[in-house]
Amino acid sequence: MINMYFVMKLPKTSNTFPLQFSKMTSYRQLLLEIKLKVSTVMQMSFELIKKLSEAFGPPGYEVEVRKIMRKELEKYGEIKQDRLGSIIAKLKGSNGPKVMLAAHMDEVGFMVKLIDKNGFIKFSPLGGWFDQVLLGQKVRIRTKRGDIIGVIGSKPPHILEPKEAEKVVKKKEMFIDIGASSKEDAEKLGVRPGDPIVPETITEKMANQKLIMGKAFDDRIGCAAIIEIMRALSKESLNVSVYGVGTTQEEVGLRGAQTSGWVVSPDLCFVLEVGIAGDVPGVKPEDVQEKVGKGPAILLRDATLIPNIKLRDFLFDLAEELKIPYQVDVLERGGTDAGRIHLIKQGVPSIVIGVPTRYIHSHVGVLSLEDFQNAVKLVSEAIKRLDEKTIKSFTE
């Protein structure tokens, strides 16, 4: 189905007919032009997501992602930065109650813990990892002398005892092999304790060109959404001030959300995130309800936030009015930046909009570009309808 939010401007109409076509313009040609326009916009979204996804940025080391965010957001806003490294862009020309758009720039990763005498690296996780997804995966280590590629290894299954082979290998038993022959060799390559590590993955389209796979969609997809929302709103006359914020260190405790939230002091907050897609074998509907390709998810609750109910219903009504597909979900464990932002000062009406994603917190996730674009559309259209009276009504 064509996403009409991105459709080209149609030819001018006459007074007699809704739409007249010249000899050079047919209905079929018009449809082809519309499809081309939609395809172009989707490709632009993919290229932005790819650039952000492939950037290096575990918690506390978000510099590369921040540079991309700054370059994109300075086209539309005035840039600030807090002391934890979160980037804050106020949309040019926007005034009124403050609406904060938040997405975290960091990805789950690791840190070099120590180098053993044979040159193998023991690592400490930055963020939540399921041990079973790690073995045999490529990683990138950022050292003072440049990046080094390695692979996560452990004892081969051929030499494991039967009972040992049945168990999941723990992270503490794993190591990274960078091809060094000794501790001194690894140190000569520039590796030292404290160096950050991320998965080594490219972002690419799947056979279904609307689906993409790559690393760090949690939460580079939210970062991309903020950029596209700011771009869309830069052409609008608004009754609110809009702040696009890329936060730091979400995966280790929602830290940048707290500091940037105090800088902005918002009256309302939308957190742009991944959702957890459950449309894979072995996942029950009572565990998670989201499906890839069925629209963005409006989160009903997680372990850190019960969203503002009137704001939630406002989004439900708007999505149904504009025929934007959406889903709902409940996550009883885990949380997002909204968990900190909604507690700023007297409290901030907040809600999480997620792009359903398979296999988060692993080397490769899968999501739908259409879900991404519909998330952008839903939040953009919501902000265009906000004013002081409407925002006050959410807490009355």
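Scoring rules and cut-offs
Residues numbered from 1 in each chain as written. Predicted model: local features only at pLDDT ≥ 70, side-chain atom pairs only at ≥ 80, totals over all residues. Heavy atoms only, no water. Core = buried A, V, L, I, M, F, W, Y, C linked by side-chain atoms within 4.5 Å. Buried < 20%, exposed > 50% of the residue type's maximum accessible area, 1.4 Å probe, protein only. Helix = DSSP H or I, 4+ residues; strand = E, 2+ residues; numbered from the N terminus. Pairing = 2+ DSSP bridges. Axes fitted to C-alpha atoms, helices over the stretch in contact; angles between N-to-C directions. Parallel < 35°, antiparallel > 145°, perpendicular 65-115°, else oblique. Left-handed = near helix turned anticlockwise from the far one by under 90°. Contact = heavy atoms within 4.5 Å. Nonpolar A, V, L, I, M, F, W, Y, C, P; charged D, E, K, R; others polar. Arc of directions from axis to C-beta. Salt bridge = Lys/Arg side-chain N within 4 Å of Asp/Glu carboxyl O. Expected span 1.5 Å × (residues − 1). Phe/Tyr/Trp six-rings, centres within 6.5 Å; stacked < 30°, edge-to-face > 60°.

Trainee: Talk me through the nonpolar core; I want residue IDs and the actual numbers.
Mentor: With 59 residues, the main nonpolar core has Leu-101, Phe-270, Ile-383 and Leu-386 as its most contacted residues. If you tally residues by element for this core, the top one is helix H5 (residues 217-233), at 10 residues. Residues Ile-115, Ile-121, Ala-180 and Ile-197 belong to the second largest nonpolar core, which totals 19 residues.

Trainee: An account of the pairing of strand S1 (residues 77-81) is needed here, citing residue identities and associated values.
Mentor: Note that S1 and strand S2 (residues 87-91) share five bridges and pair antiparallel. Counted as the bridge partner of Ile-79 is Ala-89 from S2. Taking the residues that link successive antiparallel strands as the turn, the S1-S2 hairpin has five residues, and the phi of Gly-85 there is positive, at about 100°.

Trainee: Explain the packing of H5 against helix H9 (residues 369-384) to me, and be specific about the residues and the numbers.
Mentor: Running from amino to carboxyl end, H5 crosses H9 at an angle of 45°, the nearest separation of the two axes being 9 Å. Relative to H9, the element H5 lies oblique. Where H5 crosses over H9, the two elements pack in a sense that is right-handed. Taken together, the residues of H9 that come into contact with H5 (itself represented by Ile-221, Ala-224, Ala-225, Glu-228, Ile-229, Ala-232 and Leu-233) are Phe-372, Val-376, Val-379, Ser-380, Ile-383 and Lys-384. Its residues assigned to classes, the contact of H5 with H9 shows 10 nonpolar, one polar and two charged.

Trainee: Run through helix H6 (residues 255-264), naming residues and quoting values.
Mentor: Those residues of H6 lying buried are Gly-256, Ala-257, Ser-260, Gly-261 and Val-264. The arc enclosing the buried residues of H6, seen along the axis, measures out at 125°, which places them on a common side. Here the buried face of H6 lies against S2, strand S3 (98-104), strand S12 (241-247) and helix H8 (338-341). Phi turns positive, to about 50°, at Ser-265, one or two residues after H6.

Trainee: So what about the pattern of salt bridges? Which residues, and what values?
Mentor: On inspection of all chains with the given rule, the structure shows 18 salt bridges. The salt bridge partner of Glu-381 is Arg-385, with a shortest N-O separation of 2.7 Å. On the basis of relative accessible area, Arg-385 is assigned to the partly exposed category, the value being 33%. Shared partners join several salt bridges into a network, and the residues in it are Glu-64, Arg-140, Arg-142, Asp-147 and Glu-200.

Trainee: Mind laying out H5, listing which residues take part and the relevant values?
Mentor: Between its first and last C-alpha atoms H5 spans 23 Å; for 17 residues at 1.5 Å apiece the expected length is 24 Å, and the two agree. Burial analysis of H5 places 15 of its 17 residues in the buried class, the great majority of the element.

Trainee: Tell me about the pairing of strand S16 (residues 350-358), and name the residues and values.
Mentor: A large share of S16 lies buried, amounting to nine of its nine residues. Neither face of S16 is exposed, since Ser-350, Val-352, Gly-354, Pro-356 and Arg-358 on one face and Ile-351, Ile-353, Val-355 and Thr-357 on the opposite face are all buried. Both strand S13 (residues 268-276) and S16 contribute to a ladder of eight bridges, which runs parallel. Opposite Leu-272, over in S16, you have Ile-353 as the bridge partner. Both strand S14 (residues 297-301) and S16 contribute to a ladder of two bridges, which runs antiparallel. Of the residues in S16, the one forming a bridge with Ile-298 is Ile-353. Linking S16 to strand S17 (residues 365-368), which pair antiparallel, is a turn of six residues; within it Tyr-359 sits at a positive phi near 65°.

Trainee: Can you break down the side chain of Glu-62 residue by residue, with the values?
Mentor: Mapped onto the secondary structure, Glu-62 falls in the loop between helix H1 (27-53) and helix H2 (63-73). Those residues in contact with Glu-62 that lie beyond four places of it in its chain are Gly-57, Met-105, Asp-106, Thr-248 and Gln-249.

Trainee: Talk me through the packing of aromatic side chains; I want residue IDs and the actual numbers.
Mentor: Taken as a whole and assessed by the stated rule, the structure comprises five aromatic pairs. The interplanar angle of 70° and the centroid separation of 5.0 Å between the aromatic rings of Phe-110 and Phe-123 together place this pair among those described as edge-to-face. Here Phe-123 lies in strand S5 (residues 121-126) and Phe-110 lies in strand S4 (residues 109-115), a separation of 13 residues in the sequence. Per residue, the accessibility class of Phe-110 equals that of Phe-123, and both read buried. With centroids separated by 5.6 Å and ring planes inclined at 65°, the aromatic side chains of Phe-314 and Phe-394 adopt a geometry described as edge-to-face. Linking Phe-314 in helix H7 (residues 309-322) with Phe-394 in the segment after helix H10 (388-393), this pair joins segments that are 80 residues apart in sequence.

Trainee: Describe in detail unusual backbone geometry, supporting the description with residues and values.
Mentor: Geometrically, the link from Asp-218 to Asp-219 is a cis peptide bond, its omega value of 10° lying close to zero. Positive phi, normally seen in glycine, also occurs at Gln-249, with a value near 55°. With respect to the helices and strands, the residue Gln-249 is situated in the loop between S12 and H6. Residues other than glycine seldom take positive phi values, yet Lys-345 does so here, at roughly 50°. Within the secondary structure, Lys-345 sits in the loop between H8 and S16. The exposure class assigned to Lys-345 is partly exposed, which follows from its relative accessible area of 45%.

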